[in-house]
Amino acid sequence: MRIGNKASAGGGRWLLRACLRCLLRDRFRGAERSGNTTGLAQQAEDRSEATVLGGVEALEYFLQQLINGVTLGAIYGLIAIGYTMVYGIIGMINFAHGEVYMIGAFISIITFIVLGLIGVTFIPLALMVVLLSAMVFTAAYGWTVERVAYGPLRGSFRLAPLISAIGMSLFLQNYVQLVQGARVKPMQPVITGGFEFFQGGGFTVRLSYIQIIIVLLTTALMIGFTMLIQRTALGRAQRACEQDMGMAALVGVDVNRTISLTFVMGAMLAAVAGMMVTLYYGVIDFFIGFLAGVKAFTAAVLGGIGSLPGAMLGGLLIGLIEAFWSAYFSVEYKDVAVFVILVLTLIFKPTGLLGKPDIEKV
Amino acid sequence: MLTIRGVSTSYGHIQALHGVDIEVRKGEIVTLIGANGAGKTTLLMTICGNPRATGGRILFEDRDISQAPTFEIVRMGIAQAPEGRRIFPRMTVLENLQMGATVADPAHFDEDCTRVFKLFPILDERKAQRAGTLSGGEQQMLSIGRALMSRPRLLLLDEPSLGLAPMIVKQIFSVIRDINEREGMTVFLVEQNAFHALKLAHRGYVLANGRVVLQGTGAELLANREVRAAYLEGGH
C-alpha cells in the first residue's frame, strides 16, 4: 500500500510537472516567449544544472539577475499603480487593467509602424511620439472602460463592478484578437546596445540601453506622479474621494470626474509599461495583459493595496522575485512563485507591506 | 433664501421625511431640533442632494436645486459641516481647508485661511498635523472651518455640539453667533442640544417622525410647554 502510494506520488509529481509545463508553455505562450529574461533565465538554468558557477562568476550572475529584476519590477510597478489607485478610490479591483496595458503595447507597436512608414527615423523623436500616442489613446480606452462598464454600476452591490471588470477584460482580449489577429506581433529592436562589464570567467553582465531607459523613465514617472497626488488640487481631490467620497462631494468635488481621471492616469502609466515591454521584449500578443495584469495585481497586494509607494515597492519586489526565482530555481515555476507570494500575502499580511489598517480617531 | 416646500425623502421603502416645509431667510440663524431619528440629518443631506428628495421642491435663492448634483449645489453657495464632522483624517489640517476651498477662487485662499484661523486659533497651531489625530472638538472646528472656506452664503451645521465638552460647545456656539452677527452669514443649524440652539437661533422648527410639528421664534419655542417637556426637561 505504502510503496504503491509512493510510486504513484512520484508519477503524480511527474504528471503535475508535465501539466504545468504544458500550461505555462502553451497558455501563457506570449509571456513565455517574450525572450529576454526568460532566455537569460533559461540559459541560467542550464548553467546551474551543470553547476559551473564559480565564486566570481556567481556574483556576476547575481548582478545580471538584479538588473533584469529591477527592469521587470519597474514595468510591474507602473501597472500596479493603476490597480492600487482604482482600488483606493472606489474599492474595486479593475481586472481589465491588464488588458489596458496590452492595448498600450499594441498602440505603441502600431505607432512605431506608422512612423516607420512615413519615414521618421530619428529615434528619440520616434520614442517621444510613440510615448505620447500610447498614453493618449490608452487613456481614452481607460476612460471609456470606466464610463461604459463601471460608472453605471456605482452605488450597486460591491461585486457588480468586479464582474463587469472581468467581462470587460474578456471583451478587450477578444476584441484585440479579432482586430489584430492572434499571432505574436514582432517588432524590430529600436534601441540596441548597452554596457558590458565583468567579462571574465565566461559570463558577461549586460546592462542594455533599453533597461536604463526603462528604469529612468519609470523613476521619473513615479516621482512626477507622487508629486501630482501630494501637491496638486486634483491629487487632493483624489485622496479626498479615497477617504470619504460623500464628503468630497459635499465640499464641491465632482466625484465622477475625479474617478474618471483616476482611470485615465492608471491607463497612461499602463501605456508606458506597454510601450516599454514592446521595446524590451520585441514581441507582444493579445494575451500578454492577463499574466502581466495578475502579476502587477500581486505587486499591488504585496505592497499594500491602496498604497502608492506600496505599489512601486511591490512591483520592484515581484520583478526581483521573478528574476531570481527563474535564475536559481526554475523558469517553469516562475509564475507559480509569484502567485504563491500573492496567496501568502493574502493569508499572512492582507494589508501588505506598506498598507495600513484603517484605524483613525474620529 | 432657502425654501423647502413639501419635501419627502425615502431610503428604499422607508420614508424618512413627509412633506417638510421650512423657510430660511437671509441673515437668519434657523435651528431644527428633534429627537434621534426624527429626520434632521436626512433633511440637511437632502438639501445637498444626497439622498435626493422624492417629492417637493428645494429652492435656493429662487433656483430649484432638488435635482442638481451635490457639487453643483456646493458651487451655488451652500456649505455643510455634516454629522460626525467627516474631516479627511489622512490629510493635514491645512489640506482639509484646501479641500473646503475646492469651489472657491484660489486668489482669496490665504485671506479665507486667516479668517478661519482667527475664529479657531487652535487650527493655526495644528495646521501641519494630520486631521485624524485632532481631538473631537478640534475636528468639529475644522469641519466648520472647512465649510467656511468656500465662502458660502448658507451654512448648514449638523449637530456641532455632539459629544463635546461644555466649554467647547460654548466656544463653537459663540463662533456661530459671531459669523452670523458680524458677517451676516445665514445659518441653518440642526441640534439635539435644544436649549443652546434655541437660545442662539432667531427661529426654530421642531421635527418629529419626519414632520414639522412646531415652529416659532427661538424664545417662543423655549417657552413652549411641549418643547420643554420633550427636549429640555431633565437635560440641560
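Residues numbered from 1 in each chain as written. Chains lettered and ligands numbered in written order. Predicted model: local features only at pLDDT ≥ 70, side-chain atom pairs only at ≥ 80, totals over all residues.

Caption draft 1: Up close: the overall build of chain A. The helix and strand inventory of chain A stands at 14 helices and four strands. Sorting the 362 residues of chain A into buried and exposed places 44% on the buried side. (Helix = DSSP H or I, 4+ residues; strand = E, 2+ residues; numbered from the N terminus. Buried ≥ 20, exposed ≤ 12 C-beta atoms within 10 Å, placed from the backbone.)

Caption draft 2: The overall build of chain B, seen in detail. Scanning chain B for helices and strands turns up 10 helices and 10 strands. A compact globule built from 236 residues would reach a C-alpha radius of gyration of about 18 Å, and chain B, at 17 Å, matches this within 12%. Taking the principal axes of its C-alpha atoms as reference, chain B extends roughly 45 × 40 × 35 Å. A buried classification covers 47% of the 236 residues belonging to chain B. (Rg over C-alpha atoms; globule rule 2.2 N^0.38 Å.)

Caption draft 3: View of the interface of chain B and chain A. The interface is formed by 23 residues belonging to chain B together with 16 residues belonging to chain A. Of all the elements in the fold, those that place two or more residues in the side of chain B that touches chain A are α2 (70–76) and α3 (93–100) of chain B. Along the lines of polarity and charge, the residues of the side of chain B that touches chain A split into nine nonpolar, nine polar and five charged. (Contact = placed C-beta atoms within 7 Å. Nonpolar A, V, L, I, M, F, W, Y, C, P; charged D, E, K, R; others polar.)

Caption draft 4: Expanded view of the sheet that holds strand β6 (residues 78–81) of chain B. Residues and elements named next belong to chain B. Strand order in the open sheet formed by six strands is β6-β7-β8-β3-β9-β10, with mixed pairing between adjacent strands. Of all strands in the sheet, those with a lone pairing partner are β6 and β10 (211–217), marking the two edges. Looking at each pair of strands side by side, their axes are set apart by 15° on average, direction ignored. Contacting β6 and β7 (154–158), helix α6 (residues 136–148) crosses the sheet at an angle of about 175° to β6. Contacts between helix α7 (residues 166–183) and the sheet are confined to β3 (29–33), β7 and β8 (186–191), with β8 contributing the most and set at about 155° to the helix. (Pairing = 2+ DSSP bridges. Axes fitted to C-alpha atoms, helices over the stretch in contact; angles between N-to-C directions.)

Caption draft 5: Looking closely at helix α5 (residues 97–117) of chain A. Residues and elements named next belong to chain A. Between the first and last C-alpha of α5 there are 30 Å, a value that for 21 residues agrees with the 30 Å anticipated at 1.5 Å per step. Across the 21 residues of α5, 15 count as buried, placing the element largely inside the fold. Residue Gly-119 follows α5 closely and has a positive phi angle near 85°. (Expected span 1.5 Å × (residues − 1).)

Caption draft 6: How the structure looks around the nonpolar core. All names here are of chain A. Of all hydrophobic cores here, the largest spans 160 residues; its most connected members are Ile-75, Ile-79 and Ala-273. With 17 residues, helix α11 (residues 255–281) is the single largest residue contributor to this core. With near-sequence residues (within four places) excluded, Ile-79 lies in contact with His-97, Tyr-101, Ala-270, Ala-273, Ala-292, Gly-293 and Ala-296. (Core = buried A, V, L, I, M, F, W, Y, C linked by C-beta atoms within 7 Å.)

Caption draft 7: The arrangement of helix α1 (residues 40–47) of chain B in detail. Residue and element names in this part refer to chain B. Within α1, seven of the eight residues are buried, leaving the element largely enclosed by the surrounding structure. Within α1, the full set of buried residues consists of Lys-40, Thr-42, Leu-43, Leu-44, Met-45, Thr-46 and Ile-47. Following α1 by one or two positions, Gly-49 adopts a phi angle in the positive range, close to 85°.

Caption draft 8: Summary view of the confidence of the model for chain A. In this model, chain A carries a mean pLDDT of 84, and residues with pLDDT of at least 70 account for 82%. pLDDT under 50 marks residues 1–52 of chain A. Its contacts with residues more than four places away, or in other chains, come to 44 contacts. (pLDDT = per-residue confidence, 0-100.)

Caption draft 9: Broad picture of unusual backbone geometry. Residues and elements named next belong to chain B. Here the bond from Asn-50 into Pro-51 is cis, since omega is 5°, no more than 30 degrees from zero. Inspection of the secondary structure puts Pro-51 in the loop between α1 and β4 (55–60). One non-glycine residue with positive phi stands out, namely Glu-61, at about 50°. Inspection of the secondary structure assignment puts Glu-61 in the loop between β4 and β5 (63–64). For Arg-85, which is not glycine, the phi torsion reads 70° and is therefore positive. Examined against the element boundaries, Arg-85 turns out to sit in the loop between β6 and α3.

Caption draft 10: Highlighting the sheet that holds strand β2 (residues 14–24) of chain B. All names here are of chain B. Spatially, four strands are ordered β2-β1-β4-β5 in an open sheet, and the strand pairing comes out antiparallel. The sheet is open, and its two edges are formed by β2 and β5, each paired on a single side. When β4 meets β5, the two strands line up antiparallel, connected through two bridges. Directly across from Leu-59, in β5, lies its bridge partner Asp-64. Contacting β1 (2–11), β2 and β4, α1 runs over the sheet at an angle of about 70° to β2.

Caption draft 11: How the structure looks around the pairing of β2 of chain B. All names here are of chain B. Pairing of β1 with β2, which is carried by seven bridges, proceeds in the antiparallel orientation. Counted as the bridge partner of Thr-3 is Glu-23 from β2. Between the end of β1 and the start of β2, which pair antiparallel, lie two residues, with Gly-12 showing a positive phi angle near 60°.

Caption draft 12: Structural context of the domain arrangement of chain B. Residue and element names in this part refer to chain B. Once the domains are mapped, chain B shows domain 1 (2–77 + 153–232) and domain 2 (90–152). One C-alpha centre belongs to domain 1, the other to domain 2, and the line joining them spans 23 Å. Domain 1 puts 14 residues into the contact, and the matching count from domain 2 is 10 residues. Secondary-structure elements contributing two or more residues to the side of domain 1 that touches domain 2 are α2, β7 and α7. The class makeup of the residues in the side of domain 1 that touches domain 2 is 10 nonpolar, two polar and two charged. (Domains from an automatic or database assignment.)

Caption draft 13: Structural view of the packing of α3 of chain B against α6 of chain B. All names here are of chain B. Packing of α3 against α6 brings their axes to within 7 Å, and their N-to-C directions diverge by 35°. Considering only the axes of α3 and α6, their crossing is right-handed. On α6, the residues that touch Val-93, Asn-96, Leu-97, Met-99 and Gly-100 of α3 are Leu-142, Gly-145, Arg-146 and Ala-147. Its residues assigned to classes, the contact of α3 with α6 comprises five nonpolar, three polar and one charged. (Left-handed = near helix turned anticlockwise from the far one by under 90°.)

Caption draft 14: How the structure looks around the environment of Gly-303 of chain A. Residues and elements named next belong to chain A. Within the secondary structure layout, Gly-303 lies in helix α12 (residues 288–303). Looking at Gly-303, the number of C-beta atoms within 10 Å reads 29, which means it is buried. Along the sequence, Gly-303 and Thr-84 sit 219 residues apart, while their C-alpha atoms lie 9.4 Å from each other. Sequence-distant contacts of Gly-303, defined by excluding residues within four places in its chain, comprise Gly-310, Ala-311, Leu-313, Gly-314, Gly-352, Leu-353 and Leu-354.

Caption draft 15: Examining the confidence of the model for chain B more closely. Scored by pLDDT, chain B comes out at a mean of 92, with 98% of its residues at no less than 70. Interface confidence for the predicted complex, given as ipTM, is 0.92, next to a pTM of 0.85.

Caption draft 16: Molecular detail of the pairing of β7 of chain B. Residue and element names in this part refer to chain B. Most of β7 sits inside the fold, with five of its five residues counted as buried. Covered by surrounding structure in β7 are Leu-154, Leu-156 and Asp-158 together with Leu-155 and Leu-157, the residues of both alternating faces. Where β6 meets β7, four bridges bridge the pair, whose relative direction is parallel. Residue pairing across strands places Ile-78 opposite Leu-154, the latter belonging to β7.

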